[in-house]
Amino acid sequence: MLIITNSKTYSPIGVFDSGYGGLTILKELVDTLPQYDYLYLGDNARAPYGSRSFDTVYEYTLQSVKALFDQGCELVILACNTASAKALRTIQQKDLPIIAPNKRVLGVIRPTTEIVGNYTKTNEVGIFATSGTVTSQSYVMEIEKFFPDIKVFQEACPMWVPLIENNELNGVGANYFVEKHVQHLFSQSKNIDTVILGCTHYPLLKPLIEKHLPKGVQILTQGHIVAEGLKDYLVRHPEMEVRITKNNQREFLTTDSTEIFDKHASLFFGQEVKSKHLGL
Ligand code: DGL
């Protein structure tokens, strides 16, 4: 466990993403539950994860979770759909009982799929996500568990993360690729009335997605949903809640250049960020 300068125990909530996208989740966590300490880790040196194999995403995610445990985290949120889809279940079932039986790792897919039935009236839901998340079928399987009557339509959008990471949100390229994938999704069904942005990067494209969506279709972004899910989890798990330190501290780690991270991170987090480097 890492000890901070005032010699108090430091046990923040770990928030992990392949890069910057998880900062859109962290922003909502901090707004909803400001009292806790948070430690963010972006594996920018190895991002994007979206097109990588199951084994690679699992290996990178497990390394990152272990690194956050080493920094004192008792609870880690995988604020990345791709990691939640490809690595979470194995980490929870196979690794945690061996490496840290009292620590917990949670993802972003379950809280989203648990509530989607409260939004759709047509029982037809669309998912925009990375190729990895779409191939994993995680959204389809999780929604089926909670709402067996809902039909799920998926669209992989492999160009959206690179457009966002390269600050091309307002260019003609972004407009082209957003329109293309929205059209592909709705060519599968005209009755979809709710779409989930199933990648933590995508909230930055929300205005453009909205522009191309058919009228009346609602967009669900995950930040608020995950924050409410965590709030509920901590009420149901007081034994975990007491272990998290509460000094309103936010710290940021990146596996790549801190200068580049700090320059881009504020776009996702909405505030200045000062990161430290962590080698994995
Ligand atoms: N932020 C990740 C997610 O939610 C995707 C980014 C990547 O491809 O690494 O799926």
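Here, every reference points to the structure presented above.
Scoring rules and cut-offs
Residues numbered from 1 in each chain as written. Predicted model: local features only at pLDDT ≥ 70, side-chain atom pairs only at ≥ 80, totals over all residues. Heavy atoms only, no water. Phe/Tyr/Trp six-rings, centres within 6.5 Å; stacked < 30°, edge-to-face > 60°. Helix = DSSP H or I, 4+ residues; strand = E, 2+ residues; numbered from the N terminus. Buried < 20%, exposed > 50% of the residue type's maximum accessible area, 1.4 Å probe, protein only. Lys NZ or Arg CZ within 6 Å of the ring centre and 35° of its normal. Pairing = 2+ DSSP bridges. Core = buried A, V, L, I, M, F, W, Y, C linked by side-chain atoms within 4.5 Å. Contact = heavy atoms within 4.5 Å. Axes fitted to C-alpha atoms, helices over the stretch in contact; angles between N-to-C directions. Parallel < 35°, antiparallel > 145°, perpendicular 65-115°, else oblique. Left-handed = near helix turned anticlockwise from the far one by under 90°. Nonpolar A, V, L, I, M, F, W, Y, C, P; charged D, E, K, R; others polar.

Asker: Would you mind showing me how to read the packing of aromatic side chains here?
Answerer: In total, this model carries 10 aromatic pairs according to the counting rule given. Ring geometry for Phe16 and Tyr49: centres 6.2 Å apart, planes at 45 degrees, overall tilted. Of the two residues, Phe16 sits in strand β1 (residues 13-17) while Tyr49 sits in the loop between β2 (38-42) and α2 (54-70), which places them 33 residues apart along the sequence. Note on Phe16: relative accessible area 0%, which makes it buried. With a relative accessible area of 1%, Tyr49 lands in the buried category. Summarising the aromatic geometry, the rings of Phe252 and Phe269 are spaced 5.4 Å apart at their centres and angled 70 degrees between planes, so their arrangement reads as edge-to-face. Highlighted residues: Phe252 in strand β9 (residues 250-254) and Phe269 in helix α13 (residues 258-269), separated in sequence by 17 residues. When sorted by exposure, Phe252 lands in the same class as Phe269, which is buried. By way of ring pairs, the aromatic residues Tyr20, Tyr40, Phe252, Phe261, Phe268 and Phe269 are connected into one cluster. Residue placement shows Arg46 over the ring face of Tyr60; its charged tip is 3.8 Å from the ring centre. Between the NZ or CZ atom of Lys86 and the centre of the ring of Phe54, over which it lies, the distance is 4.8 Å.

Asker: I would appreciate a short explanation of the pairing of strand β5 (residues 124-129) in the present structure.
Answerer: The side chains of a regular strand alternate between both faces of the sheet. Counting buried positions over the 6 residues of β5 gives 6, a clear majority of the element. The side-chain alternation of β5 yields two buried faces, one formed by Glu124, Gly126 and Phe128 and the other by Val125, Ile127 and Ala129. The pairing of β5 with strand β6 (residues 151-156) spans 6 bridges and is parallel. Directly across from Ile127, in β6, lies its bridge partner Gln154. Bridge count for β5 against strand β7 (residues 194-197) is 4 bridges, and the pairing is parallel. Across the sheet, Gly126 pairs through a bridge with Val195, a residue of β7.

Asker: Would you mind going over the nonpolar core with me for this structure?
Answerer: Note on soluble globular proteins: their nonpolar side chains tend to be buried together. Leu23, Phe128, Ile209 and Leu230 are the most contacted members of the largest nonpolar core, which totals 56 residues. With 6 residues, the single largest contributor to this core is helix α9 (residues 172-188). With sequence-adjacent residues up to four places away left out, Leu23 is seen in contact with Tyr40, Phe252, Phe261, Ala265, Phe268 and Phe269. Grouped together as the second largest cluster of nonpolar side chains are 26 residues, Tyr58, Ala67, Ala83 and Ala87 included.

Asker: What exactly am I supposed to notice about the packing of α2 against helix α4 (residues 88-99) here?
Answerer: Any two packed helices are characterised by the angle at which their axes cross and by the distance between the axes. Across the interface, α2 lies against α4 with an axial gap of 12 Å and an inter-helix angle of 40 degrees. Between α2 and α4, the crossing angle belongs to the class labelled oblique. Crossing angle aside, the handedness with which α2 passes α4 is right-handed. Only Thr90, Ile91, Lys94, Asp95, Leu96 and Ile99 of α4 make contact with α2, whose side of the interface consists of Tyr58, Thr61, Leu62, Val65, Lys66 and Phe69. Tallied by class, the residues present in the contact of α2 with α4 amount to 7 nonpolar, 2 polar and 3 charged.

Asker: What should I look at first to understand the pairing of β9 in this one?
Answerer: Counted residue by residue, β9 has 4 buried out of 5 residues, so it is predominantly covered. In this sheet, β9 lies alongside β2 in parallel orientation, the contact comprising 5 bridges. Residue pairing for β9: Leu39 is matched across the bridge by Glu251. Bridge count for β9 against strand β10 (residues 275-277) is 3 bridges, and the pairing is parallel. Bridge pairing in β10 places Phe252 opposite Ser275.

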